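Residues per chain are reported as follows:
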Amino acid sequence: MDFSVLGPLRIQGDEGEITLRRGLPRALMCFLLLHHRAPVSAEVLADRLWGEQQPVDAANAVHRVVSYVRRTLGAHAALLATQPSGYLLAVDDDALDAARFEGLVTRAGESSTKATAGSARDALRHVEEALTLWRGEPLADVAHYEWAAAPISRLEEMHLRARELRVDSLLTLGRHEDAVGESRALATAFPLREEFHAQLMLALYRSGRQSEALECYSSVRRYLAAELGLDPGPQLQLLERNILAQDDALEWVAPPDLEADPPAVAEKASGLEHLAPPTTLLGRDDALLELSTSLNQARARVLTLTGPGGVGKTRMALELASRVQDKPAWFVDLSVLASESLVPSAVARAVGAVIPPGGNAVEALAGTVKDSPGLLVLDNCEHVVGAVSDLVSTVQRRCTGVVQLATSRRPLRVAGEMTWPVPPLDTPDDGQVTVREASQVAAVRLFEERAASVHPGFVVDDENAEDVAAIVRALDGLPLAIELAAAHADVLTANGIRRRLADHFELLATELRDAAPRQRTLRAVIGSSVELLTDEERRFFFELGAFAGSFDLEAVTAVSATSPNQSFHLIASLVRQSLVTVTGSGQYRLLESLRAYAAEGLARELPEELVRQRHTDHFLDFMTRADEGLRTPEQQLWLQRVRVSLPDIRSALSWSLNGGAPEHGAMLTAVAAWFWTLEGLLDEAEGWVKLAATVPVADESVEAGRLHAVGRIAAPRGHLKEAQRACAASAAISRRLGDDRAAAKALVTLGLSQWAMGDLQGAAASHDEAATRAESAGDTWHHTCALVLRARTALDAGEPDAAQRIKLALTSARSGKEAHLIGLALSQRARHALLTGDPETAFAAAGECLSRWEQVGYREGRINALNLQARASIGLNRPEAAAELARQATLMAAKIGHRGGVCEGAECLASALHASGLDKDAFMLLCVAADERRRSSIPVPAAMAAEVAALTARVRERLGAEAVAIAARADFMTIEDLVEQLRTQVQ
């Protein structure tokens, strides 16, 4: 058994880790470990566990906690014995990390008193072994107990003593540059401990950096004066005087046994056998096979794994290294190096090279390795990439048997280098996720594994699969972020973690103190990359925080106010430094965590309002062009472009309409209305339109556009009177301004709402005027649209030239080659065929219409086409096929919030069911649809009014008295209930 308290309590047995429940059980175990091999009475334990809040029967309460601990220890329960004087935990010093830690530090201190290289190396060995035991805050589970304060303080003091001894040993061995990095970190972290400043000053002086040593003294003097009103102590003052005098006593004297000592291996670099990863690697099998083959066959003598912080480069490098055959391997963690000058000596010591005093580390390395085979793993190169590149080039040239594997957030840029960007893990697709689907996705499996490590028994199941999928999607499949999120599974449900991801950086932190400081929080991981940027790159990166989704170079240039050439070079640099990702479509994007960090920097360090104004201006211009493009043969291309940009359009709307630039927001709302209609995003669109209606607008042309957007969205939502009022007002303003183009747009939608309300005469007048004004303005699309809709009105009104109008409209639409208008014209041909008793022609025309609208994803049109096909199928005596088509139409209408479409689909389905003899179900549908039409003021379209009325009468007649009971039941059923029933039937 092995017990660890230098961090959260950990108990390890031969059969694996034993997990004690948090709270009292861990507190009891920690207290007994502090007093191991000595009995502790129940009274003392009760006092330590509950203090003044003692339970009624304290002795029995202690016994219950002890019993639980024994059950959890299982086969090792005998270690916790009951004696007359109390409870005894029979654990030897060797089984307790704190006892081993104290022993190692004590031996290191004893060794350091001898002025020999051997004793200094012994001290280093003891210290390094001790520091590997230190996993974080000692006794972390009981830090809030008063009785833990003294032992925690003693252990922390001993930890600092160990690190001080390490620096002393480095100075004794002449490793002054290494001592600089170590002591600088300590002096920064513990500015009141003067011994660390003294070590740093001496290390700097012996490294030939006298001015830096003196600046170090000045810095600590200023700090002590500001914080405590004190001067540095006598030791530091004397050291400053000696440095100024360049006193010979400060010079390093090599220990007499230094050259005779066996080669030293860097304490921060080791063979891979000491670096077995504690967790499994998921989702990298194919890449590992390919890359390990390249390394084994030396197809790549320099392989650099690149990628953003937290993507798993180090973990993958270790796994790759373990698969390299017949080569000794050396691992060097360069993250601990504070200066590029330390790189050669760190790598040289890793391969066992002896660097004589004043000698050249690179020469020592090359002389030791020569042509021998080997694998050199250089981890975390990004902050010392210049020195690493030089060293890698030298090793490649002079040590021809060595294969080099590097990890870096940016490439090394050396000849012969093969770079392999480590991608995030795969995540589930959007939409509903089943447990079976989730279990096959690497990101979900990683979350499950890490969550189970803190919450035993955690599994992805039917209840949490969707939440886990959403979590890993929100974290872009970034392994470190997933692990940090999953670490909260012991206190939060998956849904709780998902809800708290709104603040990535607040949640994503680890309690594992053995994690490197740069990996304890997601903020630190990203910050360490951003620190490496130039001032220009950092500003540019923060400006990218304005984007909510992916973006192209045109958008980047506009938002950053740079030239196209500048923006290209800056974006290329950030891509190469793993801060920006290139998408498959040639766009760029920031991983969500990087975007959040950039947005923080934008708000903190730049004129955010100016950048967001440029962002809004760009997407207003883009959406204005898109509004035109969506009415051309390139409609499908523009639809895809807008879909990609939708997150940023939403972001621009939110910023501008909530006070940033209200008039720009109203304009953006107006030009986005047609896209929302085509996409069927009516619920979302209604929210933006309502928000836009609340902001002040001074420009009348903007007001006309805003009013048209209200009508354009209200009409398919079934708010026909609102649509009519808004479009009439928009047309009136545009007429007054002499803007025929804007007037034609408003009149097209006005006529559409009039037609839906049964005002065929008004619809005909609006569309006639729209056609005239559009033609005058040279607006071919709205001219054709007005012709098509005018043909529809003529058909419904029984005008004698309806067939000719439809033919003319279809010819005009086909000449424009725009799928939406061609589909709209084809739907009139289908309707005409139905009215003239030609279901075959109707079905064929509706099918082509459906195909056209499916090309562009026009869901409102697809609803109409499906209903037309259903009605044609009834005429062809295929009622079952008709019912299925009508069900699809009804559910699609419900999905996009098209209430008129839901009613029409229900009525069409009722007709199909009636044709199959299912009159009870048909009558229920008719009753519910009629009630919804009355409630929401959506009349039956004029062309179908007689058909629906006749169908209702036939079904009621067949049912007789039973129709009354069905109608009564229908009073308690909403259209939403109906849709849910249909959805269940389909499933």
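For the structure itself, look to the data block above.
Residues numbered from 1 in each chain as written. Predicted model: local features only at pLDDT ≥ 70, side-chain atom pairs only at ≥ 80, totals over all residues. Heavy atoms only, no water.

Okay, the packing of aromatic side chains next. Under the counting rule described, the total for this entry stands at 13 aromatic pairs. Ring geometry for F190 versus F196: centroids 6.1 Å apart, planes at 55 degrees, classification tilted. Each ring, one from F622 and one from W638, has its centre 6.0 Å from the other, and the planes form 45 degrees; the classification is tilted. Residue F622 is found in helix α27 (residues 608–629), and its partner W638 is found in helix α28 (residues 635–660); the two are separated by 16 residues along the sequence. Across this residue pair, the class does not change: F622 and W638 are buried. One aromatic cluster is present, built from ring pairs that chain together F547, F551, Y588, F619, F622 and W638. We note R21 situated over the ring of Y68; from NZ or CZ to the ring centre the distance is 4.2 Å. Lying across the ring of W781, R631 places its NZ or CZ 4.8 Å from the centre. (Phe/Tyr/Trp six-rings, centres within 6.5 Å; stacked < 30°, edge-to-face > 60°. Helix = DSSP H or I, 4+ residues; strand = E, 2+ residues; numbered from the N terminus. Buried < 20%, exposed > 50% of the residue type's maximum accessible area, 1.4 Å probe, protein only. Lys NZ or Arg CZ within 6 Å of the ring centre and 35° of its normal.)

This next bit is on the pattern of salt bridges. Going through the model one piece at a time under the given rule, you end up with 60 salt bridges. For E195, the salt bridge goes to R193, with nearest N and O atoms at 3.0 Å. Here E363 and R398 are joined by a salt bridge, their closest N and O atoms 2.8 Å apart. With E363 in helix α14 (residues 361–369) and R398 in helix α15 (residues 385–398), this residue pair connects regions lying 35 residues apart in the sequence. Using a relative accessible area of 44% as the deciding quantity, one classes E363 as partly exposed. For R398, a relative accessible area of 34% corresponds to the partly exposed category. Taken together, the shared-partner salt bridges connect D768, R790, E799, D801 and R805 into one network. (Salt bridge = Lys/Arg side-chain N within 4 Å of Asp/Glu carboxyl O.)

A separate point is the pairing of strand β5 (residues 86–89). If a strand is regular, its side chains alternate between the two faces of the sheet. For strand β4 (residues 80–83) and β5, the ladder comprises four bridges, and the chain directions are antiparallel. Note that in β5 the partner of L80 across the bridge is L89. Hairpin connection of β4 to β5: two residues between the antiparallel strands. (Pairing = 2+ DSSP bridges.)

As a further point, take the nonpolar core. One recurring pattern in soluble globular proteins is that nonpolar side chains are buried together. In terms of nonpolar packing, the biggest core is built from 183 residues, with L305, F447, F541 and L544 touching the most fellow members. Per-element accounting of this core gives the leading share, nine residues, to helix α40 (residues 879–896). Once residues lying within four places of it in the same chain are set aside, the contact partners of L305 are L291, K313, M316, A317, L320, L405, A406, T407, S408, W420 and V422. (Core = buried A, V, L, I, M, F, W, Y, C linked by side-chain atoms within 4.5 Å. Contact = heavy atoms within 4.5 Å.)

The next point concerns the sheet that holds strand β2 (residues 10–13). With antiparallel pairing, three strands are arranged side by side in an open sheet as β1-β2-β3. Unpaired on one side and paired on the other, β1 (2–4) and β3 (16–18) mark the two borders of the sheet. On average, each strand axis in the sheet is inclined to that of its neighbour by 25 degrees, with strand direction left out of account. Relative to β2, β1 runs antiparallel, the two sharing three bridges. Residue pairing in the sheet places D2 in a bridge with Q12 of β2. (Axes fitted to C-alpha atoms, helices over the stretch in contact; angles between N-to-C directions.)

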